Amino acid sequence: IIRRYITTTTNLFNKYFNPYFTHSALYIGKDELFEAMGATELPQDEIQITKLSESYWLNPDMEDFFIIRPKNYHGKLNEIIFNLRNIANDPEYRFGPIEEGRKTVSCSDVILKYLIDEKIITDLLKKPDIITPDYLFWIIENDKTNFEVVGYNINQKQELLNK
């Protein structure tokens, strides 16, 4: 799931990087999402598994979001979910770009890492140093063979304000 939604957590990211999308998460089933959210009151809560039904992903003022699903993944997501659960359950993990030897992940780079590791994404061009939700969306949207958009919300009010 990839979205644009300005919150106190994403405001700084939005201000300095000016992305279109501000956050991504991976739906792992049974009403659960893996999220690397960054600034929270408790550092051990920066990476967590949350209930989709209780999350702010369903707020009516959400600007834009896309739900994208891999095609033909044949159980590969089970390994991804296992790894993401381990990260979320490890209180030493913190929000930040993935770096060798450090327990850091951000919302988009960890999703991209495991999609590559499980060979769901096989053709990676122009990989930047910092993986943003925009880049994750671009990679997935340009791979029609392996991914499909299964849901979205485009805030028409926002589109009108931009005209």
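The structure presented is a predicted model; accordingly, all values stated were derived computationally and were not measured.

Asks: I'd like a rundown of the sheet that holds strand β3 (residues 26-29), residues and numbers included.
Replies: Sheet architecture is open: three strands sit in the order β3-β4-β5, paired in antiparallel fashion. The open sheet has two free edges, formed respectively by β3 and β5 (47-51), since each of these has just one partner strand. Going from strand to strand, the sheet's axes swing by 30° on average, the running direction of each strand aside.

Asks: Which residues make up unusual backbone geometry, and what values go with them?
Replies: Even without a glycine there, the phi angle at lysine 30 is positive, about 50°. Within the secondary structure, lysine 30 is located in the loop between β3 and β4 (32-36). Relative accessible area serves as the criterion here: at 77%, lysine 30 is assigned to the exposed category. Of note in this structure, aspartate 31 is not a glycine but carries a positive phi near 65°.

Procedures and definitions
The numbering scheme is per chain: residues are counted from 1 as the chain's sequence reads. The predicted nature of this model means local features are confined to residues of pLDDT at least 70 and side-chain atom pairs, given and counted, to a pLDDT of 80 or more, with totals for whole chains, interfaces and linings taken over all residues. In computing side-chain values, all of the structure's heavy atoms are included and hydrogens and water are not. In short, DSSP must find at least two bridges between two strands for them to pair. Numbered from the N terminus, helices here are DSSP runs of H or I no shorter than four residues, and strands are runs of E no shorter than two. Only C-alpha atoms enter the line fits that serve as axes; for helices the fit covers just the stretch in contact. Angles between N-to-C directions range over 0 to 180 degrees. Whether a residue is buried, partly exposed or exposed follows from its accessible area with a 1.4 Å probe, protein chains only, as a fraction of its type maximum: under 20%, in between, or over 50%, in that order.

Such coordinate-based values are descriptive only and should not be taken to indicate function.
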